[in-house]
Amino acid sequence: MRTRVYAEWFAPVGVVAELEVGIAQSRVRTRNFVLDRTTGDFSDRDVTVLQMVAPHLKRIEEMTRLR
């Protein structure tokens, strides 16, 4: 499904696929790590790697916030 956000933000720069993981959520702010592709789609391996890296990204964000 193509959304208004896709039409206004992603299509003009050629994004055809997006892979995203949330790394921090609060009432005020959400932080996400987003990967975009301009050709093809993400593989199952890509998804698995991002899932494995996600806890480390969350920890980096936590450590940064503590500084």
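Look up a bit, the structure's there.
Definitions and cut-offs
Residues numbered from 1 in each chain as written. Predicted model: local features only at pLDDT ≥ 70, side-chain atom pairs only at ≥ 80, totals over all residues. Heavy atoms only, no water. Core = buried A, V, L, I, M, F, W, Y, C linked by side-chain atoms within 4.5 Å. Buried < 20%, exposed > 50% of the residue type's maximum accessible area, 1.4 Å probe, protein only. Helix = DSSP H or I, 4+ residues; strand = E, 2+ residues; numbered from the N terminus. Contact = heavy atoms within 4.5 Å. Phe/Tyr/Trp six-rings, centres within 6.5 Å; stacked < 30°, edge-to-face > 60°. Lys NZ or Arg CZ within 6 Å of the ring centre and 35° of its normal. Expected span 1.5 Å × (residues − 1). Bend = angle between axes of the 7 residues up to and from the residue.

Trainee: So, the nonpolar core: which residues are in play, and what are the values?
Mentor: Core analysis: the largest hydrophobic core is formed by 8 residues, namely Ala-17, Leu-19, Val-21, Ile-23, Phe-42, Leu-50, Ala-54 and Leu-57. Elements supplying a minimum of two residues to this core: β1 (17-25) and α2 (44-66). With 4 residues, the single largest contributor to this core is β1. Once residues lying within four places of it in the same chain are set aside, the contact partners of Leu-57 are Val-21, Ile-23, Phe-33 and Leu-50.

Trainee: Run through the packing of aromatic side chains, naming residues and quoting values.
Mentor: In the structure shown here, the tally under the stated rule is 0 aromatic pairs. Here the guanidinium or amino end of Arg-37 rests over the ring plane of Phe-42, the centre of that ring lying 5.7 Å away.

Trainee: Explain α2 residue by residue, including any values.
Mentor: The periodicity of an α-helix, 3.6 residues per turn, causes residues three or four places apart in sequence to face the same way. The end-to-end C-alpha separation of α2 is 34 Å, in line with the 33 Å expected for 23 residues at 1.5 Å each. Approximately 35° is the largest bend angle found in α2, and it occurs at Val-53, with the proline Pro-55 only one to four residues beyond. Every buried residue of α2 is accounted for by Leu-50, Ala-54, Leu-57 and Glu-61. Where the residues of α2 are buried, they touch β1 and β2 (30-37).

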